[in-house]
Amino acid sequence: MKRRDLLAAAALSACGAARAQAAAFAPADLAHAAALRTAGLADTEAWRLLEGITTEIGARPAGSAAEARAAQWAVAALTKLGLANARAEPLPMKQWQRGPASARLVAPAPHALVMAALGNSVGTPPEGLEAEIAWYPDLAALRADTTDKAKGRIVFLDQKTDRTKDGSGYGRAVGARFGGAVEAAKRGALALAIRSTGTDRDRVAHTGAMGYDIAVPRIPAFAVSVPDAELITRLVARGSTPRLAVNFETRSDVDATTHNVIAEVPGTDLAQEIVLIGAHLDSWDLGQGAVDDGAGIAIVSAAAALIQRAGKRPRRTVRVVLFGNEENGFDGARGYGDRHGSAVHQLVAESDFGAGRIWRFASRVQPAALPLADAIGQQLAPLGIERGDNAAGPGPDAAVLMRRHKWPAVQLHQDGTNYFDVHHTENDVLDKVDPAPLPQNVAAWAVTAWLAAQSPLPFGPPPL
Ligand SMILES: [Zn+2]
């Protein structure tokens, strides 16, 4: 290093030290964070809550009677945990409903297929559809196709989902589910079938939201289980052109009501400022919404309860928000922003990645608050959590709010290696949840929310 660079480095580190001195947590607040961390590791509430919502409510698709019961269940549970101002805020929405469905190969040999319509999909004509399959390895191959191969056929996308810790495999694959029908319809296809967007090899289909383009005809879209996708691909590899028959009903644009459920640990001198820790109340209609997102509901609720029970009132209000309709339209996130957008938010963050261990903490705070985010990271380090960058993606609903309202955010990355085995399937049930990592999650959320609430500096405006 040259002398000039050494001087510059010394000046920078002096400046960094001054910044750290200007923005540091009070020792008592750090000590309380450590106490919360220890208490969190002994948490039993999260499992109790997860067992409760999956057993007493189960599947709770947005806008359904079950979601409304889930909202009442959550208000009662949060009240019982000792949180203040527990309430359900209703919001209008347009609901999608699944009806009866079946699909089968009719040639070259008959095979029943395990399938699920994708969320938002139109149904088939009442008599169903039957056509040859036009097979593509993935969405990119369909996009690149300038021939008339898809015309009059059922497009099949064999888009695979890579198993990854950080969910990036799902991120790369989900475009086929969301946008495949538009690409297929542009090429004259009658319907879209996809290999399930999931990492398991079970004979279950993964549903999830898809979308249409107003300028392109709406064709039915559905997923088949991974073993059924493999069957189709083997038949194509043999040089045959399988024929597929599919028949399903759906209803769209049904007037319905979803709910955000809110409860608080009230703040003191900065009570008007909000530390928002969220999850989503709704689930898909298959399974019980155990990992998606019963686990998130359980984790953030138990973390707030831990802060409440520990007896020290935070400076800012710690607010649990369980968002309505995350899965199919973000009505809850947008409705929350419409209603509460004028309040200063110190933080928005959401637990919506299952029940795995947290392994990384990322922030998205103004530069002057970075030493505070780093200090939170240091309190999380004993939980085996590494410090990530300052470009946090704070979860689906929280990201909507972060972008729209320029609110600061954090992300507590969970290990998602196994999450997409059961995500959006009939297998998303309590039986598939490992309870062991839940207390670590509760500890990390309690430490993060507490310190955000005690911060001597606002975390915003964040870099966006
Ligand atoms: Zn979710």
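Residues numbered from 1 in each chain as written. Predicted model: local features only at pLDDT ≥ 70, side-chain atom pairs only at ≥ 80, totals over all residues.

1. Looking at the overall build of the protein chain
Move 1: For the protein chain, the helix and strand inventory stands at 13 helices and 14 strands.
Move 2: Over its C-alpha trace the protein chain gives a radius of gyration of 24 Å, about what one expects of a compact globule, namely 23 Å for 464 residues.
Move 3: Taken along the three principal axes of its C-alpha coordinates, the protein chain extends 70 × 60 × 40 Å.
Move 4: The 464 residues of the protein chain split such that 54% are buried.
Move 5: Contacts in the protein chain between residues at least 24 apart in sequence constitute 83% of all its contacts with a sequence separation of at least 6. (Helix = DSSP H or I, 4+ residues; strand = E, 2+ residues; numbered from the N terminus. Rg over C-alpha atoms; globule rule 2.2 N^0.38 Å. Buried ≥ 20, exposed ≤ 12 C-beta atoms within 10 Å, placed from the backbone. Contact = placed C-beta atoms within 7 Å.)

2. A look at the domain arrangement of the protein chain
Move 1: In terms of domains, the protein chain is made up of domain 1 (24–93 + 255–454) and domain 2 (109–241).
Move 2: Each of domain 1 and domain 2 has a C-alpha centre, and these two points are 33 Å apart.
Move 3: Each side of the interface is counted separately: domain 1 has 17 residues, and domain 2 has 19 residues.
Move 4: With three residues, helix 12 (residues 419–422) is the largest single contributor of residues to the side of domain 1 that touches domain 2.
Move 5: Residues belonging to the side of domain 1 that touches domain 2 are distributed by class as follows: five nonpolar, eight polar and four charged. (Domains from an automatic or database assignment. Nonpolar A, V, L, I, M, F, W, Y, C, P; charged D, E, K, R; others polar.)

3. Notes on unusual backbone geometry
Move 1: The step from A107 to P108 runs through a cis peptide bond, and the omega angle for that step is 5 degrees.
Move 2: Topologically, P108 is positioned in the loop between strand 1 (84–107) and strand 2 (111–113).
Move 3: In this structure, D293 follows D292 across a cis peptide bond, with omega equal to 5 degrees.
Move 4: Structurally, D293 can be placed in helix 8 (residues 290–310).
Move 5: Even without being a glycine, N325 presents a positive backbone phi close to 40 degrees.
Move 6: Mapped onto the elements, N325 comes out in the loop between strand 10 (316–323) and helix 9 (331–340).

4. Some remarks on the nonpolar core
Move 1: In terms of nonpolar packing, the biggest core is built from 140 residues, with V155, A189, F222, I277, A303, A446 and A449 touching the most fellow members.
Move 2: The element that contributes the greatest number of residues to this core is helix 8, accounting for 13 residues.
Move 3: Split by domain, the residues of this core number at least three in each of domain 1 (24–93 + 255–454) and domain 2 (109–241).
Move 4: Setting aside chain neighbours within four positions, we find A449 in contact with V275, I277, A303, I307 and V318. (Core = buried A, V, L, I, M, F, W, Y, C linked by C-beta atoms within 7 Å.)

5. Quick look at the packing of helix 8 against helix 13 (residues 438–454)
Move 1: Here helix 8 crosses helix 13 at 55 degrees, and the two axes come no closer than 8 Å. By the angle class used here, helix 8 and helix 13 are oblique. The crossing of helix 8 and helix 13 is right-handed. On helix 13, the residues that touch A298, I299, V300, A302, A303, L306 and I307 of helix 8 are L438, N441, V442, W445, A446, A449 and W450. (Axes fitted to C-alpha atoms, helices over the stretch in contact; angles between N-to-C directions. Parallel < 35°, antiparallel > 145°, perpendicular 65-115°, else oblique. Left-handed = near helix turned anticlockwise from the far one by under 90°.)

6. Details of the pairing of strand 6 (residues 191–195)
Move 1: Counting buried positions over the five residues of strand 6 gives five, a clear majority of the element.
Move 2: Neither face of strand 6 is exposed, since A191, A193 and R195 on one face and L192 and I194 on the opposite face are all buried.
Move 3: Taken together, strand 5 (residues 154–157), helix 6 (residues 168–186) and strand 6 form a β-α-β motif whose crossover is right-handed.
Move 4: For strand 6 and strand 7 (residues 221–224), the ladder comprises four bridges, and the chain directions are parallel. Within strand 7, the position partnered with A193 by the bridge is F222. (Right-handed = clockwise from strand over helix to strand, strands pointing away. Pairing = 2+ DSSP bridges.)

7. Some thoughts on the environment of A65
Move 1: Topologically, A65 is positioned in helix 4 (residues 65–80).
Move 2: Residue classification places A65 among the exposed positions, given that 10 C-beta atoms sit within 10 Å.

8. Considering the confidence of the model for the protein chain
Move 1: When the pLDDT values of the protein chain are averaged, the result is 95; 95% of them are 70 or greater.
Move 2: pLDDT under 50 marks residues 1–12. Its contacts with residues more than four places away, or in other chains, come to one contact.
Move 3: Low pLDDT (under 50) marks residues 14–20, which in the prediction has three contacts with non-local residues, meaning those over four places away or in another chain. (pLDDT = per-residue confidence, 0-100.)

9. Brief notes about the pairing of strand 12 (residues 358–364)
Move 1: The buried fraction of strand 12 amounts to five of the seven residues, a majority that puts the element mostly inside the structure.
Move 2: Sheet topology note: the strand 12/strand 14 (residues 409–414) ladder contains six bridges and is antiparallel. The residue of strand 14 that forms the bridge with R360 is H413.
Move 3: Relative to strand 13 (residues 386–387), strand 12 runs parallel, the two being bridged by two bridges.

10. Digging into the packing of helix 10 (residues 370–380) against helix 13
Move 1: Direction vectors running N to C along helix 10 and helix 13 enclose 150 degrees, while the axes themselves pass 10 Å from each other. On the basis of the axis angle, helix 10 is roughly antiparallel to helix 13. The handedness of the crossing between helix 10 and helix 13 comes out as right-handed. In this structure, helix 10 uses I376, Q379 and L380 to contact helix 13, whose residues at the interface are A444, V447, T448 and L451.

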